[in-house]
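# Fold and geometry: a report
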Amino acid sequence: MSDQTQEQREDDFADVCAAVAILVLVVGTVVYWLQGMPT
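From a predicted model like this one, the values you see are computed outputs, not experimental measurements. (Residues numbered from 1 in each chain as written. Predicted model: local features only at pLDDT ≥ 70, side-chain atom pairs only at ≥ 80, totals over all residues. Heavy atoms only, no water.)

Moving on to the overall build of the chain. When its secondary structure is counted, the chain shows one helix and zero strands. Out of the 39 residues belonging to the chain, those deemed buried represent 0%. When the accessible surface of the chain is split by element, carbon and sulfur atoms take 68% of a total near 3900 Å². (Helix = DSSP H or I, 4+ residues; strand = E, 2+ residues; numbered from the N terminus. Buried < 20%, exposed > 50% of the residue type's maximum accessible area, 1.4 Å probe, protein only. Areas by Shrake-Rupley, 256 points an atom, 1.4 Å probe, with all protein chains shown as cover.)

Here it is in structure tokens:
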């Protein structure tokens, strides 16, 4: 088992949250853009 400090775990959690937020933003933007295109 790795000996991570509480601070390292919090940093990792913040990194994961940031990555998820960026992915959601990109996917949401693409979906919004595709819905606005004429069929």
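Now that the structure has been shown, we can carry on.
Here we take up a nonpolar patch on the surface. Together, Ile22, Val26, Val30, Trp33, Leu34 and Met37 make up a nonpolar patch on the protein surface, roughly 600 Å² of accessible area in all. Structurally, Ile22 can be placed in helix H1 (residues 6-36). (Patch = residues over 30% accessible without salt bridge, like charges linked within 9 Å, V, L, I, M, F, W, Y side chains within 5 Å. Salt bridge = Lys/Arg side-chain N within 4 Å of Asp/Glu carboxyl O.)

Bringing the environment of Gln6 into the picture now. Mapped onto the fold, Gln6 is located in helix H1. Residues Gln6 and Ala21 lie 15 residues apart in sequence; the distance between their C-alpha atoms is 22 Å. Of the polar contacts made by the side chain of Gln6, one reaches the side chain of Arg9; its length is 3.1 Å. (Polar contact = N/O pair within 3.5 Å; in protein donor to acceptor, adjacent residues only side chain to side chain.)

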